[in-house]
Amino acid sequence: MEKEIQQAASLLGLCRFLVVLTGAGISQESGIPTFRDARNNYKPQVNPAELGTPEAFARDPERVWSWYRQRLGKIENAEPNAAHYTLVELESRFTSFLIISQNVDGLHQQAGSRNVLELHGSIRRARCSKECGKYSVIDVQAGGVPYCPECGSMMRPDVVWFNEPLPQDALETAMFISSYCDLMLIVGTSGLVTPAAYLPHQAKEHGAALVEINPSPSAITSHTDMFIQGVAGEALPLLLAAYDTVDCTR
Ligand code: OAD
């Protein structure tokens, strides 16, 4: 891994505008199972593809809320790991920096990252299901279905469910920024879920270098300039340390 880290650090040294695309893998070392892990471990009655849908919410909102509160309870007990904290450090080295995350756990912000674009929403927030624009913080201890204080409609978790489009403004911003960055660092994503999986291609088409960190090759790996095979909590601190020794052209 050492050679790849050094080469990736050299690429970073040439970069002025850094975008980091993160997926479930970056939170794995915080004890939050990735989607692929979870899919193998979930029992059928809590299959995310069954409960995390608009149809499930219409059918049984109480059950969906109970499941989300359970998931949020676990996330609230989790702590950011070395990978999240390294990205906070990395952000301080760049004047143009953005994390585009597919994760809904909020651990980047909890670690202290400031420029984070959440593509799939946040499990810590609820929003009015009738789009009246009202948002609220989710109370894990509460029971039942919360109602909108503005219009009286049901509140729903502010996450992108299966069969739903991404928030258009977040997606447009992510596509735009991806076309302007010099380097995209891709951490802990399978690269299988679109439209997020298009972002590295958008970056590459516009001339950015792609560096990936993942313990296993992903759908993006063959398109990258440098693949660092390792877990994020080990590889990212090594990359930062190597970057700090590089003679940057910034
Ligand atoms: P996946 O669960 O599909 O993939 C997780 C990736 O993380 C895999 O490529 C793993 O090899 C890698 N990984 C595992 N442990 C790691 C570690 N310690 N360090 C670095 N990488 C590690 O997660 P995503 O690709 O993020 O969408 O999935 C994207 C979307 O699929 C999710 O946001 C969700 C789901 O459907 C929505 O909720 C809309």
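Above this text sits the structure in question.
How each quantity is defined
- Residues numbered from 1 in each chain as written.
- Predicted model: local features only at pLDDT ≥ 70, side-chain atom pairs only at ≥ 80, totals over all residues.
- Heavy atoms only, no water.
- Buried < 20%, exposed > 50% of the residue type's maximum accessible area, 1.4 Å probe, protein only.
- Helix = DSSP H or I, 4+ residues; strand = E, 2+ residues; numbered from the N terminus.
- Pairing = 2+ DSSP bridges.
- Right-handed = clockwise from strand over helix to strand, strands pointing away.
- Near = heavy atom within 4 Å.
- Polar contact = N/O pair within 3.5 Å; in protein donor to acceptor, adjacent residues only side chain to side chain.
- Nonpolar A, V, L, I, M, F, W, Y, C, P; charged D, E, K, R; others polar.
- Axes fitted to C-alpha atoms, helices over the stretch in contact; angles between N-to-C directions.
- Parallel < 35°, antiparallel > 145°, perpendicular 65-115°, else oblique.
- Left-handed = near helix turned anticlockwise from the far one by under 90°.
- Contact = heavy atoms within 4.5 Å.

**What about the pairing of strand S7 (residues 183-187)?**
Line of reasoning, step 1. Burial of S7 is extensive: five of the five residues sit out of reach of the surface.
Line of reasoning, step 2. Burial of the side chains of S7 extends over both faces: Leu183, Leu185 and Val187 are buried on one face and Met184 and Ile186 on the other.
Line of reasoning, step 3. For strand S1 (residues 17-22) and S7, the ladder comprises five bridges, and the chain directions are parallel. Paired with valine 19 across the two strands is methionine 184, which belongs to S7.
Line of reasoning, step 4. Alignment of S7 against strand S8 (residues 209-214), held across five bridges, turns out to be parallel. In the strand pairing of S8, isoleucine 186 is matched with glutamate 212.
Line of reasoning, step 5. Crossover handedness for the path S7 to helix H9 (residues 199-205) to S8: right-handed.

**Side note on the site of the ligand**
Line of reasoning, step 1. Not every one of the 21 residues close to the ligand is listed here, only the nearest: Ala24, Phe35, Arg36, Ser190 and Asn214.
Line of reasoning, step 2. Between the ligand and the protein, one listed contact pairs a nitrogen atom with a backbone N or O atom of alanine 232 at 3.0 Å.
Line of reasoning, step 3. Looking at side-chain class alone, the shell around the ligand contains eight nonpolar, 11 polar and two charged residues.

**Notes on the packing of helix H1 (residues 2-13) against helix H10 (residues 232-243)**
Line of reasoning, step 1. Interaxial distance between H1 and H10 falls to 8 Å at its minimum, and their mutual angle equals 55°. Here H1 lies oblique to H10, going by the angle between them. Crossing geometry of H1 relative to H10 is assigned as right-handed. Of H10, the residues touching H1 (which contributes Ile5, Gln6, Ala8, Ala9, Leu12 and Gly13) are Ala235, Leu238, Leu239, Ala242 and Tyr243.
Line of reasoning, step 2. For the contact of H1 with H10, the per-class residue count stands at nine nonpolar, two polar and no charged.

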